[in-house]
Amino acid sequence: MTFSRLFCNASLIRQNLRQHGWIGILYTLVLLFQLPLQMFMYGDPLREPVQLDNLFNLGADIAPFVMAFPAVAGLFLSRYLQARMAADLMHSLPLRRSHLLSSHIFSGLLLLLPPVWVTAAVTALVRPLKSNMYVYHGAEVWEWCLTLTVLTLFLFAFTMFVGICTGQTILQGVVVFILLLLPSALLEFINMHLSRYLYGYSNWFGLTQVSTNDWSPLLRIMDMSYNTFRPTELWIYALLSVVFLALSFILYPKRHSEKAGHAVAFTYFDPLFKAGVMFCSMLVALSYFGSNKQGMGWIIGSVLAGGLVGYIIVEMLLRKSWHILTRRLPLEFAVYSVLLGLLLYVPVSGLTGYENRVPASDKVAAVFAGGNYEQLMHPPQGGENAEILVDDIRSKDPKYIEAVTALHRAVVTARPEQKGDVWSDSYPPRQRFTLSYQLKNGRTLLRTYLVPRAGFEPELKAVMGHTDYKRERYQISQMEEDVESIRMSNLNKAFSISDPQEVQEFKGILIRELLNMSYEDQVSDQRSRGSIRVLHKPDHNGNQFPYTYDWYPSYHELGAWLEQKGYADKIRITAADVVSAEMFRDIHHSELPSGLRYDPKARMELARTEKRSVMVTDKTLISGILEHRRNFTREEGRVVVRIEYKDGTINFISLEEQEMAPALKALLP
């Protein structure tokens, strides 16, 4: 009997419940185990009850079950579409296809949604029990119930929709999970492709300003235990559920029963299916081979090979045979390859003007320049969102805007090499810059470059010498907030300042030192004399976020203040703290294997082998080394010292020859 009002067939629903009722029973048991039972299993009666911000903090393993059960229900309930005999039998019943589909969908909802609601009801009922050692409210139960209801509905609706479009159950399951994962994977591969071949592209900022995990339902569900779904997301998933259900009802009447057993049920999806598989396989091949080989031959070859593999796979799936060679196959493959190749090439070519686009300074409303853009855009949990932060860090100073655009023009004109590894990143020195523009027409422009210091000194001085650059580079605004204490340390020595007056004095001096740093101070290899840890007062969530700075020799005012207060000696490293100091002239790098060429230990061993190292034992000379020590660099010909301290720490430092005492120079072989 068909309920004309409900558009369902009661007999069909009862049959589905008898046949697949185990899905609902298991889903109920799993959810009960994952939530209410956990409260009694892990609650400690000897401790205070634990306050829960949300119920997803319990049962962190619930995500796989939330994804699996709706998909399994969809696969079983659409199974009749994929089997020839079952399809013929069901479609011979005196029922319209819309009635068939609505009955199966309603059956699925009866199997999947009551377990969620029952679990939520049980969770709410056990809330006041004394043996329940968790504290939560009805709002948390409602949030949990609503989230799982929407996600269950979405996953089931999507699985049913894929079942309408495919003709094989196994392929349906594979396609469901691939498509649910595909948006994030595709964004990652495209992001990798653009960052590799598009000059100035900010690879870590990606195509979007949100995590790529948010684009994949599977990855997003896996994250929900510590990042609950926002109301906007739930609305999107609910809307998508309606869309997929509507598409299922539109497409199902057009599906031929004979398509049972075919890979794709609608032939007009074949070109899209082929192009999608080929494009993904091209991106995968390009990402794999492109990470090792950058030659044009390798790039073109990897694209063609990836496309060919994808084309062969999709042809075998569509024909259900490996005998796919026909006369039209080469021509069709060539057409797909050319079109998809252009899709890959055009965005990274000069046709778009992306690489040479530099805004005129009079069209820029605000700008940011610096190497810590990613750090600033990822605030601590509970902090301001990225949109607010980016407005805060951009400067509207016309002089600074002019300096940044001048640097941008110089980089685009000279196009310094952007290929970087750990060696080239360290020496010769380069500066990472992310340029973020807010244009007056409302648009934004973002670029990232590795700028070598050599050849760009005037432009770098103009930017790095500006106060707005230093304020963001050293996060001065954070230090201007309430600071609770300051801790300085060096190796195993440390002290803390908590007196409000001293904290205020220290903070003011440190801010002046940071803002007064010249370009030369910022790019020099001066070695820190101690670490400064600034600890703020707890925020409204009780979190304390420390910020770390260095005490450099160029901080004369700070050094004098520390001497005056008697703090400097508490962290100063002296010759008495040194076990040994071994010095050598750092040369003959080319004699080392390329992989060890920049390894200080390997260079030390080479110097020992060539008898170019000497042990410094005189305490006065060691004190001179400590006073003039600089960061270890990879520059050929510098004097390097290996210092071992009493706490077991080993440092490699460099010395400037003009700063070395004559007696120390005389020791060099």
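Position numbers for residues count from 1 along each chain, tracking the sequence in the order it is written. Selection of residues for local features in this predicted model requires a pLDDT of at least 70, selection of side-chain atom pairs for listing and counting requires 80 or more, and totals for whole chains, interfaces and linings are taken over all residues. Only hydrogens and water are removed before side-chain values are computed, so all heavy atoms of the structure are retained for them.

Draft legend 1. Local environment of the sheet that holds strand S12 (residues 578–585). Taken in spatial order, the five strands make up an open sheet running S13-S12-S15-S16-S14, and their pairing is antiparallel. One side of each edge strand has no neighbouring strand; the edge strands of this open sheet are strand S13 (613–616) and strand S14 (630–631). Residues are treated as being in contact if the distance between any of their heavy atoms lies within 4.5 Å. Each axis is a line fitted through C-alpha atoms, taken for helices only over the stretch in contact, and angles between the N-to-C directions span 0 to 180 degrees. Each helix is a run of H or I in the DSSP string that is no shorter than four residues. Each strand is a run of E no shorter than two, and both are numbered from the N terminus. Docked against the sheet, helix H25 (residues 600–609) engages S12, S13, strand S15 (639–645) and strand S16 (650–655), running at close to 75° with respect to S12. For two strands to count as paired, DSSP must find a minimum of two bridges between them.

Draft legend 2. Main features of the sheet that holds strand S5 (residues 364–370). The strand order across the open sheet formed by three strands is S5-S6-S7, and the pairing between neighbours is antiparallel. Two strands in the sheet have a free side with no partner beyond their single neighbour: S5 and strand S7 (444–452). For this sheet, the mean angle separating the axes of adjacent strands, direction not counted, is 15°. Contacts between helix H16 (residues 398–414) and the sheet are confined to S5, strand S6 (430–439) and S7, with S5 contributing the most and set at about 65° to the helix. Docked against the sheet, helix H18 (residues 457–464) engages S5, S6 and S7, running at close to 60° with respect to S6.

Draft legend 3. Representation of the packing of helix H8 (residues 169–197) against helix H11 (residues 270–290) within the structure. Between H8 and H11, whose axes approach to 10 Å, the crossing angle comes to 45°. Accordingly, the angle class assigned to the pair H8 and H11 is oblique. Crossing handedness for the pair H8 and H11: left-handed. Contacts between H8 and H11 involve Leu182, Leu186, Phe189, Ile190, Met192, His193, Arg196 and Tyr197 from the first element and Phe279, Cys280, Leu283, Val284, Leu286, Ser287 and Gly290 from the second. All residues other than Ala, Val, Leu, Ile, Met, Phe, Trp, Tyr, Cys, Pro, Asp, Glu, Lys and Arg, Gly among them, are scored as polar; the first ten of these are nonpolar and the last four charged. Along the lines of polarity and charge, the residues of the contact of H8 with H11 split into 11 nonpolar, three polar and one charged. Relative orientations are named as follows: roughly parallel for angles under 35 degrees, roughly antiparallel for angles over 145 degrees, roughly perpendicular for angles from 65 to 115 degrees, and oblique for any other angle. It is the rotation of the near helix from the far one that decides the hand of a crossing: anticlockwise by less than a right angle makes it left-handed, clockwise makes it right-handed.

Draft legend 4. Structural context of helix H3 (residues 62–77). End to end, H3 covers 23 Å across 16 residues, agreeing with the expected 22 Å (1.5 Å per residue, within 8%). Residue exposure (1.4 Å probe, protein chains only): buried if accessible area is under 20% of the type maximum, exposed if over 50%, otherwise partly exposed. Within H3, the full set of buried residues consists of Ile62, Ala63, Val66, Met67, Phe69, Pro70, Ala71, Ala73, Gly74, Leu75 and Leu77. Of the surrounding secondary structure, the elements contacted by the buried residues of H3 are helix H1 (10–34), helix H4 (79–82), helix H6 (97–125), helix H7 (138–165), H8 and helix H9 (217–222). An expected span of 1.5 Å times one less than the residue number is assigned to each helix.

Draft legend 5. Examining H16 more closely. For H16, built from 17 residues, the straight-helix expectation of 24 Å at 1.5 Å per residue is met to within 8% by its first-to-last C-alpha distance of 24 Å. Among all positions of H16, only Tyr400, Ile401, Ala403, Val404, Thr405, Leu407, His408, Ala410, Val411 and Val412 are buried. In the core, the buried residues of H16 are packed alongside S5, S6, S7, H18 and helix H19 (467–473). We define a polar contact as two N or O atoms separated by no more than 3.5 Å, with the added condition that, inside protein, one atom must be a possible hydrogen donor and the other a possible acceptor, whereas residues neighbouring each other in sequence contribute only through side-chain atom pairs. Its side-chain oxygen 2.9 Å from the backbone nitrogen of Lys399, Asp397 forms the N-cap of H16. Backbone geometry just after H16 places Arg415 at a positive phi near 45°.

Draft legend 6. Summary view of the pattern of salt bridges. Salt bridge, as used here, is a side-chain nitrogen of Lys or Arg placed within 4 Å of a carboxyl oxygen of Asp or Glu. Within the structure shown, the criterion is met by 22 salt bridges. Of the charged contacts in the structure, one is a salt bridge between Glu332 and Lys274, with a shortest N-O distance of 2.7 Å. Here Glu332 is found in helix H13 (residues 328–345), whereas its partner Lys274 is found in helix H11, with 58 residues between them in sequence. The exposure classification of Glu332 matches that of Lys274, with both residues buried. Here Arg415 makes a salt bridge to Glu355, at a shortest N to O gap of 3.4 Å. Of this pair, Arg415 sits in the loop between H16 and helix H17 (422–426) while Glu355 sits in the loop between H13 and S5, and the two are 60 residues apart along the sequence. Given a relative accessible area of 38%, Arg415 falls into the partly exposed group. Judged by its relative accessible area of 13%, Glu355 is buried.

Draft legend 7. Representation of the packing of aromatic side chains in the model. Aromatic contacts are taken between Phe, Tyr and Trp rings whose centres are within 6.5 Å, Trp giving its six-membered ring; a plane angle under 30 degrees counts as stacked, one over 60 as edge-to-face, and the others as tilted. Tallying each qualifying case throughout the model produces 21 aromatic pairs. Here the aromatic rings of Tyr268 and Phe269 are separated by 5.3 Å at their centres, their planes lie at 80°, and the arrangement is edge-to-face. For Phe269, a relative accessible area of 26% gives the class partly exposed. Through a chain of ring-to-ring contacts, three or more aromatic side chains come together here, namely Phe154, Phe158, Phe161, Phe229, Tyr237 and Phe244. Think of it as a cone above the ring: NZ of Lys or CZ of Arg counts as a charge over the ring if it is within 6 Å of the ring centre and within 35 degrees of the ring normal. When the ring centre of Tyr252 is taken as reference, the NZ or CZ atom of Arg97 above it lies at 5.2 Å. Seen from the ring of Phe229, Arg220 lies directly overhead, with NZ or CZ sitting 4.3 Å from the centre.

Draft legend 8. Structural view of the pairing of strand S10 (residues 531–536). Residues of S10 alternate between two faces, with Ile532, Val534 and His536 buried on one and Ser531, Arg533 and Leu535 left unburied on the opposite face. Here six bridges tie strand S8 (residues 483–490) to S10, and the two strands are oriented antiparallel to one another. Bridging across to S10, Val483 finds its partner in His536.

Draft legend 9. View of the pairing of strand S11 (residues 546–550). Of the two faces of S11, only the one carrying Tyr547 and Tyr549 is buried; Pro546, Thr548 and Asp550 on the other face are not. Across five bridges, S10 lies against S11 in antiparallel orientation. Bridge pairing in S11 places Ser531 opposite Asp550.

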